[in-house]
Amino acid sequence: MSYELYEAIVDGEIETAKQLVANGEDIHHVTANDKWSYLHQVADTKQTPPESFQYLIDQGLDVNAIDSYGYTPLIYAVRQRNVEGMWLLLENGADKLIEHRSERGVNALKMSLHEKPFVYDVIKLLLDFGADPDAKTEKGKSVRELVNLLDDMDPKIIELVSHY
């Protein structure tokens, strides 16, 4: 992967990214070991602007690509709490794998509770696009169970999940 292309995309410098691609950089490159596309990389970077997601989607990058860890760009965008990026991914087909679980059994909704602070808008967006708050692994708890068990859970999030 080209660090220069990655930086341009993450910084929202789309014209620079277009020029780099025109000069031969491969926007469709996937890393050998991690199986990361540029979409995985920008989704897992804090504050990636929505125009960067849109540019990559417009270039035909797969919003449902699964890396070697079993993660999709959506799961990474959830981890970074990038609501605008999540919305663009979901609007462009990521909802088809909204229940997909990584090798560790983590789906997008479960990732929303991976670390604090929990973000209401992240959880609401996933629920609005059909994430199942009752889905769980054999040994795990569902998101509905978790929001009711965690002592410091925002009551607004508990209320939100109760409506789905």
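Residues numbered from 1 in each chain as written. Predicted model: local features only at pLDDT ≥ 70, side-chain atom pairs only at ≥ 80, totals over all residues. Heavy atoms only, no water.

1. A few points about the UniProt feature "repeat: ANK" (unreviewed entry) in the protein chain
Part 1 of the reasoning: Per the UniProt record, the feature "repeat: ANK" (unreviewed entry) sits at residues 69-101.
Part 2 of the reasoning: A distance of 10 Å separates the end C-alpha atoms of residues 69-101, which is 48% helix and 0% strand. (UniProt positions renumbered as here; feature names shortened; annotations may be inferred. Helix = DSSP H or I, 4+ residues; strand = E, 2+ residues; numbered from the N terminus.)

2. As for the confidence of the model for the protein chain
Part 1 of the reasoning: Considering every residue of the protein chain, the mean pLDDT works out to 95; 100% of them sit at 70 or more.
Part 2 of the reasoning: When the elements of the protein chain are averaged for pLDDT, helix H9 (residues 143-149) gives the smallest value, 92, and helix H4 (residues 50-58) the largest, 98. (pLDDT = per-residue confidence, 0-100.)

3. Comments concerning the packing of helix H1 (residues 3-10) against helix H2 (residues 14-22)
Part 1 of the reasoning: Put simply, H1 and H2 touch, their axes get as near as 8 Å, and they point 155 degrees apart. It follows from the interaxial angle that H1 and H2 lie roughly antiparallel. Considering how the two elements wind past one another, H1 and H2 form a crossing that is left-handed. Residue-level inspection shows Glu4, Leu5, Ala8 and Ile9 of H1 in contact with H2, the latter providing Thr16, Ala17, Leu20 and Val21.
Part 2 of the reasoning: In the contact of H1 with H2, the residues fall into six nonpolar, one polar and one charged. (Axes fitted to C-alpha atoms, helices over the stretch in contact; angles between N-to-C directions. Parallel < 35°, antiparallel > 145°, perpendicular 65-115°, else oblique. Left-handed = near helix turned anticlockwise from the far one by under 90°. Contact = heavy atoms within 4.5 Å. Nonpolar A, V, L, I, M, F, W, Y, C, P; charged D, E, K, R; others polar.)

4. Observations concerning helix H10 (residues 155-162)
Part 1 of the reasoning: Restricting attention to buried positions, one finds in H10 the residues Ile157, Leu160 and Val161. Within H10, the buried residues cover an arc of 90 degrees as seen down the axis, which keeps them to one side. Opposite the buried face of H10, at more than 90 degrees from it, the exposed residues are Pro155 and Lys156.
Part 2 of the reasoning: Along its buried surface, H10 packs onto helix H8 (120-128) and H9. (Buried < 20%, exposed > 50% of the residue type's maximum accessible area, 1.4 Å probe, protein only. Arc of directions from axis to C-beta.)

5. Points about the environment of phenylalanine 129
Part 1 of the reasoning: Structurally, the position occupied by phenylalanine 129 is in the loop between H8 and H9.
Part 2 of the reasoning: Residue phenylalanine 129 is classed as partly exposed on the basis of its relative accessible area, which comes to 22%.
Part 3 of the reasoning: As a C-alpha pair, phenylalanine 129 and aspartate 58 span 71 residues in sequence and 21 Å in three-dimensional space.
Part 4 of the reasoning: Among residues more than four places away in sequence, those in contact with phenylalanine 129 are Trp87, Leu90, Glu91, Asp95 and Ile98.

6. Details of the packing of aromatic side chains
Part 1 of the reasoning: Taken as a whole and assessed by the stated rule, the structure comprises three aromatic pairs.
Part 2 of the reasoning: Ring centres of tyrosine 3 and tyrosine 6 lie 6.1 Å apart, and the angle between their planes is 40 degrees; this geometry places the pair in the tilted category. Of this pair, tyrosine 3 and tyrosine 6 both sit in helix H1, three residues apart, which is roughly one turn of the helix.
Part 3 of the reasoning: Overall, the relative accessible area of 60% leaves tyrosine 3 in the exposed class.
Part 4 of the reasoning: Residue class for tyrosine 6 comes out buried when judged on its relative accessible area of 16%. (Phe/Tyr/Trp six-rings, centres within 6.5 Å; stacked < 30°, edge-to-face > 60°.)

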